[in-house]
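# A look at the structure
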Amino acid sequence: MDFWSRLIGGSRSLSSKSLRTTTPVERLAAFKRTCNTLQQIWRTNSTPTGETSVTTHARNCIERLNSVLSDESRGPAPHPCVAYAATSQIYVTVTKLALSSYDPGMLRCAAVFFSTLIDSEVDSVVDNRLFARALVDLVRRAEPRTEEVEGRLVELLFAVANSIRLQPAILPAWFNPRSSDGGNRPSTSSDSRKIFAGATRKDDFPLFYLLLDHVHREGRAGDFARTGLLYIIETASRSEILEKWLIESDLAALMATGLGALYSQLGSLPFAAPDTDLPKIIALSDYSRHGSAVQPHLGTAMDAFMSYLLFWQDTIDHCRSAEVHGTLLDHFQVLFLEQLLYPSLLESSDVEGGSTSTVLTYLCRILESIDQSDLVYSILHFLLASPSDTDSAMPSSKQETKISLSRRKSLDALTAMAEVAANPSPSLFNLRDLALLGLQSTNEQTVLATLRLLTVILQRHPSFANLLIQTIPGRQAKERAVGAFNAELQQFLSMATSVMDDPTVDVSYENYLKDALETVESLFGVQLSTEGDYATEDSREPLELREDDPIMRELLGCLETFFTNSVIVNLSLTEILVSIASSHLVSLDGWLLVDPSKYKYATESLANSFSLEQTPAMEALRQIRLAYEEPSWSSTDAPVLTVMLQKLVQQVEKWRKDIPNFDILVAARRDLLHQEDEAPTAPTPSRQQTDVSSAHQESPRGPFPIPRDIFSDERPSPQGSSYLGSPPPGSPAQQPPSRGSSTSRAAAAEELRKRLSMPFPVTQPSRETAVVEEPASSQTDPPDSVDQTETLGGRPEMETATLGHVLTNVVILYEFLLELTAVVQVRGNLFEEAGYPGIVEEVNDS
């Protein structure tokens, strides 16, 4: 104890005040004394004793050193204390004391000390192998008990990686690869195969493996590790020996297997009924209590997987070495796509509670998040069995002459692994086949997951649309005359106005035009930015859809049951159709617009309106008048989607004739759906709202003042006397409620809600079948209780739906028609798909 008393007592003279002397000489002398004290503590107490006093004293000494170095680094050069710390190698003693103390505070002080030396950029520090060994030992052997200490230690590795990126000359101090000559040279083919398959060689580059060990972590430690590893991979483009080592190391194998391990931990998705507030458009539907009404919460496991996948994306982006870049993609395809992701899609089950909807949701999330062109190309061209990518990860013959020996041996090892695994090939069953089965499924979760996946591919990766939906290549796009284009637009607008008599249709259409312009331009930009070197000249020309395409047939089949579909299915379905129409890679002819060769013109009257002696100017004028002439076409030549939409519109028109006040109900439902989801208030009903019932009886068609609370559960409305004809004689609803009677208003609102929840026959609506007696069970059944038959897969096949559900889908149809019309108009203007065929050439020739 006398020794420690003298030592501690002597240290009082080394206070922080004495260290902050006025001259550099005095500051250096005090710094040296503190270093000598640390050396003496280590020599006297070389083994951990667990004595708190020793640990505290050593920590105080390191804190003093940190204080001096921090003050000195902020002043002008020279920095004698920093130079002395480098030449005296005091960092070795700091590492030993920190590791032997098992104290988080000591580790924190040691991390600050190393960080200060790295930031000083003095010679013989970061480029010193002894310094590198001391820092690596500190991080590798430390046992941090807090995330904060772990983050500080990994931050040291990041600082070194950043220094290597900025000054590749210091790399040899941290990177000492095993020589391929002499005694370390592999002597057998099996050893060589092991190396090129990705052997672990931690002694070659311990800094690299320490970073790799922490890339899965969350928080600061993971962020610093991932960024530091990106810096090292980026440096490979300026160091041939590092590039060769990265190809031969297990970097790509560890990253691919790590991604696969996280994917394997993803469990089944919860499709329970949502407890949270739903969007109003879903809450007012018959499926509001189904688990498929909203997208499921993917959970923390999916967050961890997506974080690592985005790290993959960043790695590919930062990799400037073509060889390392190719090696990473090779391992990604073989170890993740071929051996894990594709088998999970292939082996999924579509029975009730199966995994098809789950794995499709996972794939949708993957494709929704990444935008790196090479990674997207690797995923989609493999899963869609593109002819250029069915031969696993082997490069094309054009690339074979450019790859190095290391890359060739790595590819050979991967090929051998793929042959041993013997995984099935997408050439037999690919993602397109799975999407077709998903659309045909009787499980609604599977149908929704498939629709969402198709939407993501069409919107974010439009270059792959022709691999999902079959097209007719090699056909020259036909230009449509202005008159024909106007006739097509007028047809869609007429269908929209037939569905709903909307006095604000002009404003709504202007908004859809703005949205369509943004969507079309966005898709065009995404396609140009992602196609890279993989696109051909043919892929930039719009292709016609095949009429017998199975996926398109299934989408149209889903459209047939539009009014009884769940709202979320219709929203997804219309989004897909709009996405297809918005892509400039897909022609509208034949499926949405009439083929220009099928137009019929009444040209004789125009031809006779000119004299027989025609001048070039007169002929051009005649051609212009012909271009503005609106053609006709046979019903047999009408596009398949347009025919389907016309059938839906005709159904709505029939309901308008059979159901009194149908326009009012549809307009009121649309008005409610456009309201913001705010807490309703209870103002005094206006005269306009009070007189709505009489307006119903006087005029069944045309624009009417719509009460904003007609369907609100919280705000009762006097609107509610009848919507399927007159109420039964003597019923309370037959008498108009008193303005001052809140009880009467509440009763009327309750009567309206009951009638909106009544089963409504959709297949054959007529006046006789529309006016149905309210079943006794409807007094207590919830609004989503409808007449439906459960199939084996669990997807309801409904012959009827509630009137409220049908009204919501009618509104969706109206909005869809406006949106589709706007997309067609924007495409015609933006891509010049409508014009004056032949006129410019004739004028120029003349």
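Residues numbered from 1 in each chain as written. Predicted model: local features only at pLDDT ≥ 70, side-chain atom pairs only at ≥ 80, totals over all residues. Heavy atoms only, no water.

## Quick word on the overall build of the chain
When you go through the chain residue by residue, the secondary structure sums to 38 helices and eight strands. Within the span of the chain, comprising 846 residues, buried residues form 51% of the whole. Taking all contacts inside the chain whose residues are at least 6 apart in sequence as the whole, residues at least 24 apart take part in 79%. For the chain, the exposed area adds up to about 39400 Å²; of that, 50% sits on carbon and sulfur atoms. (Helix = DSSP H or I, 4+ residues; strand = E, 2+ residues; numbered from the N terminus. Buried < 20%, exposed > 50% of the residue type's maximum accessible area, 1.4 Å probe, protein only. Contact = heavy atoms within 4.5 Å. Areas by Shrake-Rupley, 256 points an atom, 1.4 Å probe, with all protein chains shown as cover.)

## A look at the pattern of salt bridges
All told, the structure shown has 17 salt bridges when counted by the stated rule. The salt bridge partner of Arg226 is Asp223, with a shortest N-O separation of 2.9 Å. Separated by three residues within a single helix, Arg226 and Asp223 lie in helix H12 (residues 219-235), roughly one turn from each other. Residue class for Arg226 comes out buried when judged on its relative accessible area of 11%. Asp223 gets classed as partly exposed once you look at its relative accessible area, which sits at 43%. Two residues, Arg480 and Asp589, come together in a salt bridge whose shortest N-O distance is 2.5 Å. A residue pair is termed long-range when its members are at least 10 positions apart, and Arg480 in strand E2 (residues 480-481) and Asp589 in the loop between helix H28 (567-582) and helix H29 (604-608) qualify at 109 residues. A residue is classified by how much of its surface remains accessible, and Arg480, at 4% relative accessible area, is buried. What you see here is one network of salt bridges that share partners, running through Arg108, Glu148 and Arg152. (Salt bridge = Lys/Arg side-chain N within 4 Å of Asp/Glu carboxyl O.)

## Quick notes on the packing of helix H7 (residues 104-120) against helix H8 (residues 129-141)
Where H7 contacts H8, the axes come no closer than 11 Å and their chain directions differ by 150°. With respect to H8, the element H7 is oriented roughly antiparallel. Relative to H8, H7 is oriented so that their crossing is left-handed. Residues Leu107, Ala110, Phe114, Leu117 and Ile118 of H7 form the contact with H8, whose participating residues are Phe131, Ala134, Leu135 and Leu138. Residues that form the contact of H7 with H8 fall into these classes: nine nonpolar, no polar and no charged. (Axes fitted to C-alpha atoms, helices over the stretch in contact; angles between N-to-C directions. Parallel < 35°, antiparallel > 145°, perpendicular 65-115°, else oblique. Left-handed = near helix turned anticlockwise from the far one by under 90°. Nonpolar A, V, L, I, M, F, W, Y, C, P; charged D, E, K, R; others polar.)

## Regarding the nonpolar core
Judged by nonpolar contacts, the single largest core of 214 residues is most densely connected at Phe113, Trp174, Phe305 and Leu645. Looking at this core element by element, the count peaks at 16 residues for helix H37 (residues 803-830). Counting residues domain by domain, this core receives three or more from each of domain 1 (267-387 + 404-468) and domain 2 (475-529 + 540-673 + 803-835). In this structure, Trp174 is in contact with Val126, Phe131, Ala132, Leu135, Val136, Val160, Ile164, Asp204, Phe205, Pro206 and Leu207, ignoring residues within four places of it in sequence. (Core = buried A, V, L, I, M, F, W, Y, C linked by side-chain atoms within 4.5 Å. Domains from an automatic or database assignment.)

## Some remarks on the packing of aromatic side chains
Throughout the structure, instances matching the rule amount to 30 aromatic pairs. Here Tyr263 and Tyr362 contribute two aromatic rings whose centre-to-centre distance is 6.3 Å and whose plane-to-plane angle is 75°, an arrangement assigned as edge-to-face. One end of the pair, Tyr263, is in helix H14 (residues 251-264); the other, Tyr362, is in helix H18 (residues 356-369), with 99 residues separating them in the sequence. Each member of the pair Tyr263 and Tyr362 is classed as buried. (Phe/Tyr/Trp six-rings, centres within 6.5 Å; stacked < 30°, edge-to-face > 60°.)

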